[in-house]
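Examining the three-dimensional arrangement
For reference, the chains in residue letters:
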Amino acid sequence: LGQNMHFEEQVDSTQTVAHQLAREGAEHGTVIVADEQLKGRGRLHRPWHSQKGSGIWMSIILRPDIEPHRAPQLTLASAVAITKMLKFLTGVQPKIKWPNDIFVGDRKLAGILTEMQAEQDLIEYVIIGIGLNVNLDQKAVPDDLQDVATSIQLETGKAWKREELIQELLYQMESIYELFLQQGFSSIKQAWEQDAYRLGETITVKARRKEWEATLIGIHEDGALIVEDENQSKSVLYSAEIDWKK
Ligand code: BTN
């Protein structure tokens, strides 16, 4: 990954640039990094604050030979790669919140947005978008995110060079991606659960147009979320939002 790197000063969204390049035939492993995004986007059409120089705003084009329904597993695999990089380089102790958030304590440090282009049962490409707050200081955190966002700088008390973090992140992504292709998602499940947020604790689950309290049990071999309600009845969820009382 990253043999082919595109550095941009300012873009609307690295996802949009990545889609464009992928449609034009960009090879597997092409990476787009921007200093600033004007229309950074997150899951569920949420905006993603991407101020100049304050974080890693990056999209990776993958062309995996897997069935389309497995693409969400790449989100979980990427989360593991991000936590490995953070632990190895920064000493920050990150936790993964299913499916796509990296938290430190009760604040979000990074998010992953996976988008896919598929024709019937063939994946044309997958784009893994990673937003990681690096040198965002308290003053720079937007008002509405004061209590919910953090950055590596806020956690460690110093500024970080983005290049070094990007290099290690791509290295970790590549080795996890290889493992994923060769041995399947189950080989990553354990690493995921090791750093999972609130495992065994009570959480609020929103899914299937309902909301209920449940215990977070873990993830299934295929990446689905497993929760258990008070009557010991388990649910395996492929699409859900989880939260907890603050
Ligand atoms: C989320 O938490 O909902 C996912 C956030 C993903 C943000 C990244 S930043 C790089 C890439 N470009 C975007 O517009 N979004 C992703």
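In this text, all values refer to a predicted model and were calculated from it rather than measured experimentally.

Here we come to the overall build of the protein chain. The number of helices and strands found in the protein chain is five helices and twelve strands. Taking 246 residues into account, the globule formula puts the C-alpha radius of gyration at 18 Å, and the protein chain, at 17 Å, falls close to it. For the protein chain, the spread of C-alpha atoms along the three principal axes comes to 55 × 45 × 30 Å. Considering the protein chain as a whole, with its 246 residues, one finds that 39% of them fall into the buried category. Of the contacts formed within the protein chain by residues at least 6 apart in sequence, a portion of 62% connects residues at least 24 apart.

Turning our attention to the site of the ligand. Lining the immediate surroundings of the ligand are 22 residues, of which Ser13, Gly42, Gly111, Gly129 and Gly131 lie closest. Taken together, the elements giving at least two residues each to the shell around the ligand come down to helix H1 (14-23), strand S3 (55-62), strand S6 (107-119) and strand S7 (122-133). Residue composition of the shell around the ligand, grouped by class: six nonpolar, twelve polar and four charged.

The first and last C-alpha atoms of helix H4 (residues 162-183) sit 31 Å apart over 22 residues, in line with the 32 Å expected at 1.5 Å per residue. If you check which residues of H4 are buried, you get Arg162, Leu165, Ile166, Leu169, Leu170, Gln172, Met173, Ile176, Tyr177 and Phe180. Buried positions along H4 lie against strand S2 (31-37), S3, helix H2 (71-89) and helix H5 (186-194). One or two steps after H4, the chain reaches Gly184, where phi turns positive at roughly 85 degrees.

Sheet topology places strand S5 (residues 101-104) next to S6; four bridges connect them, and they run antiparallel. Bridged to Ile102 within S6 is Ala110. In this structure, the hairpin formed by S5 and S6 is closed by a connection of two residues, where Gly105 is found at a positive phi of approximately 60 degrees. Pairing of S6 with S7 involves ten bridges; the strand directions are antiparallel. Within the sheet, the bridge partner assigned to Gln117 lies in S7 and is Tyr125. Hairpin connection from S6 to S7: two residues lie between these consecutive antiparallel strands, with Gln120 at a positive phi of about 50 degrees.

So, about the domain arrangement of the protein chain. Domain parsing of the protein chain yields domain 1 (5-194) and domain 2 (202-243). On a C-alpha basis, the centres of domain 1 and domain 2 stand 24 Å from each other. Taken residue by residue, the interface counts ten residues in domain 1 and seven residues in domain 2. Listed by contribution, the elements that provide at least two residues to the side of domain 1 that touches domain 2 are H2 and H5.

Here the UniProt feature "binding site: biotin" (unreviewed entry) sits at Gln37, Arg41, Gly42, Arg43 and Lys108. Secondary-structure assignment places Arg41 in the loop between S2 and S3. For Arg41, the contacting residues outside a window of four places in its chain are Ser13, Gln15, Pro47, Trp48 and Leu113. Mapping Gly42 onto the fold places it in the loop between S2 and S3. Those residues in contact with Gly42, other than ones at most four positions away along the chain, are Pro47, Trp48, Gly111 and Leu113.

Further remarks concern the pairing of strand S11 (residues 234-237). One ladder, built from four bridges, connects strand S10 (residues 225-228) with S11; its direction is antiparallel. In the sheet register, Val227 faces S11, and the bridge partner there is Ser235. Between S10 and the antiparallel strand that follows it, S11, lie five residues; Gln232 among them carries a positive phi value of about 60 degrees.

Cut-offs used in this document
- Residues numbered from 1 in each chain as written.
- Predicted model: local features only at pLDDT ≥ 70, side-chain atom pairs only at ≥ 80, totals over all residues.
- Helix = DSSP H or I, 4+ residues; strand = E, 2+ residues; numbered from the N terminus.
- Rg over C-alpha atoms; globule rule 2.2 N^0.38 Å.
- Buried ≥ 20, exposed ≤ 12 C-beta atoms within 10 Å, placed from the backbone.
- Contact = placed C-beta atoms within 7 Å.
- Near = placed C-beta within 6 Å.
- Nonpolar A, V, L, I, M, F, W, Y, C, P; charged D, E, K, R; others polar.
- Expected span 1.5 Å × (residues − 1).
- Pairing = 2+ DSSP bridges.
- Domains from an automatic or database assignment.
- UniProt positions renumbered as here; feature names shortened; annotations may be inferred.

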